[in-house]
Each structure stands twice: as structure tokens, then as C-alpha cells.
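What follows is each chain in one-letter form.
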Amino acid sequence: MPFYISPPPRNPLTAILGGIAGVVMMIGAFMLGFVAIVVALGVGLLVWIGIYIRIWWAKRQLTRQGIDPASARPFVDRSRHRQGDSLEAKYKVISKKQDH
């Protein structure tokens, strides 16, 4: 004979009430879990919106400064030099030795 911590009720009315209480508790647990999932998704959505707005704002600020954030090298100042133009540079002669 199996040993139960709390033996099953012998009275049919008690068994029915216990079954109803169990179903109500299961429904409550599922609803509580659903609410927890909805709250977690809501917080995640708010965080995502915040990050999206921050990235959009940073790109807007870079665009206002004349930097193209979509380019491969966004921090190279291309406004002064166009393709095909020459570049000016300062240099210092270190050695005057000439190769013959």
C-alpha cells in the first residue's frame, strides 16, 4: 500500500472541491506567468525604443557635423579632398645622402 503525505479524500464532495481548487490555482499560475511575460516584453520594447532613439540621435548629430555615418570610414573628413585631388603635406629632410 503506497504511503501518502496527505491521503486522497474519501468524501466525493471534498474530492470535487479539491479538484476545483487545483484548476483555479493552475489558471491563476498561467495568468500570473502570462502577466510576467507581458511585463518583460514591455520592458524589453521600451529598452529597444530607447536604444533605437539614441542611435538615431547620434547619427543625426554626425550628419549635422558633415560626417556620413553610413560610409565605410565615417570619421575621415572628405569635405576638403575630392577623389583625384592632390594632398599637401609638410615634411622634414632627415638625410641628404643621394643614391647613385
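This write-up is about the structure you can find in this document. (Residues numbered from 1 in each chain as written. Predicted model: local features only at pLDDT ≥ 70, side-chain atom pairs only at ≥ 80, totals over all residues. Heavy atoms only, no water.)

**A closer look at the overall build of the chain**
For the chain, the count of helices and strands is one helix and zero strands. Going through the 100 residues of the chain one by one, you find that 0% of them count as buried. Carbon and sulfur atoms provide 67% of the accessible area of the chain, an area that totals close to 10,300 Å². (Helix = DSSP H or I, 4+ residues; strand = E, 2+ residues; numbered from the N terminus. Buried < 20%, exposed > 50% of the residue type's maximum accessible area, 1.4 Å probe, protein only. Areas by Shrake-Rupley, 256 points an atom, 1.4 Å probe, with all protein chains shown as cover.)

**So, helix H1 (residues 12–64)**
Given a rise of 1.5 Å per residue, 53 residues ought to cover 78 Å, and the 78 Å separating the end C-alpha atoms of H1 matches this to within 8%. Capping the start of H1 is the job of one residue whose side-chain oxygen sits 3.2 Å from the backbone nitrogen of Leu-13: Asn-11. Looking one or two places after H1, you find Gly-66, whose phi comes out positive at around 90 degrees. (Expected span 1.5 Å × (residues − 1). Polar contact = N/O pair within 3.5 Å; in protein donor to acceptor, adjacent residues only side chain to side chain.)

**Some details on the packing of aromatic side chains**
For the structure on display, the rule yields two aromatic pairs. Ring centres 5.6 Å apart and planes at 20 degrees place the aromatic pair Trp-48 and Tyr-52 in the stacked group. Here Trp-48 pairs with Tyr-52, and both are found in helix H1, just four residues apart, close to one helical turn. A relative accessible area of 53% places Trp-48 in the exposed class. (Phe/Tyr/Trp six-rings, centres within 6.5 Å; stacked < 30°, edge-to-face > 60°.)

Function cannot be inferred from these measures alone, as they are strictly geometric.
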